[in-house]
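Fold and geometry: a report
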Amino acid sequence: MERRKFIKSAGIAGILASGTAPAIVNAQEQVRWRLTSSFPKALDTIHGAADVFAKLVSDATGGKFQVSVHAPGELVPAFGVVDAVQQGTVECGHTCGYYFFGKDETFAIDTAIPFGMNSRSLTAWFYDGNGLKLMREFFAGYNIVNFPMGNSGAQMGGWYRKEIKAPADLNGLKMRIGGFAGRVVSKLGGVPQNIPGGEIYQALERGTIDATEWVGPYDDLKLGFHKVAPFYYYPGWWEGGAQISLYVNDKAYNALSPEYKTIVQIAASHAHVNMQAMYDARNPTALKQLIAEGAKLQRFPREVMDAALKARNEVYKELNDTNANWRKVFADYERFMRDQYQWIPLADGSYDQYMAAQKL
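Described below are features of the structure shown in this document. (Residues numbered from 1 in each chain as written. Predicted model: local features only at pLDDT ≥ 70, side-chain atom pairs only at ≥ 80, totals over all residues. Heavy atoms only, no water.)

Considerations on the overall build of the protein chain
A tally of regular secondary structure across the protein chain gives 13 helices and 11 strands. For 360 residues, the compact-globule formula gives about 21 Å, and the C-alpha radius of gyration of the protein chain, at 21 Å, lands near that figure. Dimensions along the principal axes, computed over C-alpha positions, put the protein chain at roughly 75 × 50 × 45 Å. The 360 residues of the protein chain split such that 52% are buried. A total accessible area of about 16,200 Å² is found for the protein chain, and carbon and sulfur atoms account for 53% of it. (Helix = DSSP H or I, 4+ residues; strand = E, 2+ residues; numbered from the N terminus. Rg over C-alpha atoms; globule rule 2.2 N^0.38 Å. Buried < 20%, exposed > 50% of the residue type's maximum accessible area, 1.4 Å probe, protein only. Areas by Shrake-Rupley, 256 points an atom, 1.4 Å probe, with all protein chains shown as cover.)

Things to note about the nonpolar core
Core analysis: the largest hydrophobic core is formed by 110 residues, its most contacted members being Trp33, Phe53, Trp125, Tyr160, Phe180, Trp237 and Leu246. With 10 residues, the single largest contributor to this core is helix α11 (residues 258-292). With residues near it in sequence (within four places) discarded, Trp125 still touches Ile109, Met117, Asn130, Gly131, Leu132, Leu134, Val329, Asp332, Tyr333 and Phe336. (Core = buried A, V, L, I, M, F, W, Y, C linked by side-chain atoms within 4.5 Å. Contact = heavy atoms within 4.5 Å.)

Comments concerning the pattern of salt bridges
For the structure on display, the rule yields 19 salt bridges. Glu74 is the partner of Lys41 in a salt bridge, and the nearest nitrogen-oxygen pair spans 3.3 Å. In this pair, Lys41 is assigned in the loop between β1 (31-37) and α3 (48-60) and Glu74 in the loop between β2 (65-70) and α4 (81-87), connecting sequence segments 33 residues apart. Salt-bridge contacts for Asp44 lead to Lys222; the nearest nitrogen and oxygen are separated by 3.8 Å. Of this pair, Asp44 sits in the loop between β1 and α3 while Lys222 sits in helix α9 (residues 217-223), placing them 178 residues apart in sequence. Here the salt bridges share partners, and the residues they tie into one network are Lys187, Lys310, Glu314 and Glu318. (Salt bridge = Lys/Arg side-chain N within 4 Å of Asp/Glu carboxyl O.)

Structural notes on the sheet that holds strand β10 (residues 243-249)
The strand order across the open sheet built from 5 strands is β2-β1-β3-β10-β4, with neighbouring strands paired in mixed fashion. Pairing within the sheet leaves two strands with one partner each, and these edge strands are β2 and β4 (144-151). Across the sheet, the axes of successive neighbouring strands diverge by a mean angle of 25 degrees, strand direction being ignored. Where β1 and strand β3 (residues 92-95) come together, 3 bridges link them in parallel fashion. Looking at β3, one finds that Thr36 is bridged to Gly93. (Pairing = 2+ DSSP bridges. Axes fitted to C-alpha atoms, helices over the stretch in contact; angles between N-to-C directions.)

Let's talk about the sheet that holds strand β11 (residues 296-299)
Across the sheet, which stays open at both edges, the 6 strands sit in the order β7-β6-β8-β5-β9-β11 with mixed pairing between neighbours. The open sheet terminates on both sides in strands that have one partner only, identified here as β7 (191-193) and β11. Strand direction decides the pairing type here: strand β6 (residues 174-176) and β7, joined by 3 bridges, are parallel. The residue bridging Met175 from the neighbouring strand is Pro192, located in β7.

Looking at the pairing of strand β9 (residues 231-234)
Bridge analysis of strand β5 (residues 158-160) against β9 gives 3 bridges, and the strand direction is antiparallel. From the neighbouring strand, Tyr160 faces β9, where its bridge partner is Phe231. Taken together, the 4 bridges between β9 and β11 define a ladder with parallel strand orientation. When the bridges of β11 are listed, Tyr234 appears paired with Arg299.

A closer look at the state of the cysteines
Two cysteines whose sulfur atoms are joined by a covalent bond form what is called a disulfide. This model, assessed by the stated rule, comprises 0 disulfides. With no disulfide of its own, Cys92 lies closest to Cys96 among cysteine sulfurs, the gap being 15 Å. (Disulfide = S-S within 2.5 Å.)

What about a nonpolar patch on the surface?
A cluster of nonpolar residues, Tyr234, Ile291 and Leu297, forms a patch on the protein surface that exposes about 230 Å² of accessible area. As for its placement among the helices and strands, Leu297 is situated in strand β11. Its relative accessible area of 37% is what places Leu297 among the partly exposed residues. (Patch = residues over 30% accessible without salt bridge, like charges linked within 9 Å, V, L, I, M, F, W, Y side chains within 5 Å.)

With respect to the packing of helix α6 (residues 131-139) against helix α13 (residues 324-356)
Between α6 and α13, the least distance of the axes is 10 Å, while the angle of their chain directions is 170 degrees. Relative to α13, the element α6 is oriented roughly antiparallel. Residues Leu134, Met135, Glu137 and Phe138 of α6 form the contact with α13, whose own contacting residues are Asn325, Lys328, Val329 and Asp332. Grouping the constituent residues of the contact of α6 with α13 by class yields 4 nonpolar, 1 polar and 3 charged. (Parallel < 35°, antiparallel > 145°, perpendicular 65-115°, else oblique. Nonpolar A, V, L, I, M, F, W, Y, C, P; charged D, E, K, R; others polar.)

Right under this line is the structure:
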């Protein structure tokens with residue numbers, strides 16, 4: 001009786017600390033979930049977050065809760081994740097919301113929007129602002145419970161066959177660019193293409209596209225883009241911090257015990273932190289290798305950045321006028337972002353600038 005009272009009052013943290021977790025785990029039923037990913041297995045950073053999640057769920061439950069991870073095409077195509085989760089074809093998926101902006105542009109806010117928040121600010125909005133609340137309300141309309149599960153950090157601006165010296169150089173440019181940012185590229189005269197990660201190299205090699213963006217040096221080196229498009233631009237103004245999410249079918253999630261729900265939340269949060277840690281640790285070495293192999297690193301001219309920001313503002317004004325879901329979520333997002341860019345450049349930005357100028 002005393003032990004039951006302890007378990008009831010201690011909560012999951014106290015239970016885990018006390019070493020009594022196995023007794024609780026053993027009381028749970030066997031659960032088997034399938035997770036479909038939008039990312040090829042070769043990318044151990046972004047695809048690997050799903051493996052990190054699945055392993056932690058299994059370890060925390062003594063193997064009673066198993067999540068099998070499936071690459072694009074094994075169960076559904078890369079861009080079929082939302083439909084599969086919404087319909088209950090699979091229990092969960094790991095993907096980027098902005099791939100599905102065609103359903104509703106609000107999906108994009110769950111990942112990254114042009115000239116939006118960086119990864120740290122976005123995480124702050126989700127975990128301590130209204131982000132998770134607002135996006136949960138939105139995703140409820142798709143039978144989905146969403147969890148942040150990874151972030152790439154600020155991305156690079158992509159690979160180009162020719163130099164980009166002025167906004168006019170984007171006119172007619174066929175570029176693979178992830179989802180929603182294509183709206184802005186279109187206003188600049190570009191021709192956006194939404195191509196899954198595993199198919200980009202072939203499209204670039206064959207000349208089907210003129211340029212591509214993906215994530216950053218570590219993944220880009222693996223995919224070999226520098227071999228067919230040498231000009232490597234930065235920054236990726238459309239992805240100041242791209243969040244990847246776990247989408248769970250609401251019926252599957254609600255069928256879990258409270259303990260299992262907590263384990264899903266904890267595992268997703270750990271995978272979220274782990275992904276960016278991997279990118280931050282591995283990108284510097286990969287960038288050096290890319291340059292050694294002929295990549296030509298260049299910064300987007302200010303004129304190009306300003307033109308892109310102007311186009312972004314036009315797109316957002318149109319959406320505020322036409323999409324009620326977007327207007328509701330973006331209003332809070334924008335307010336939070338405005339405060340963040342008063343703080344982060346003051347503290348981190350000034351410190352980073354000073355340190356970068358030193359001979360370390």
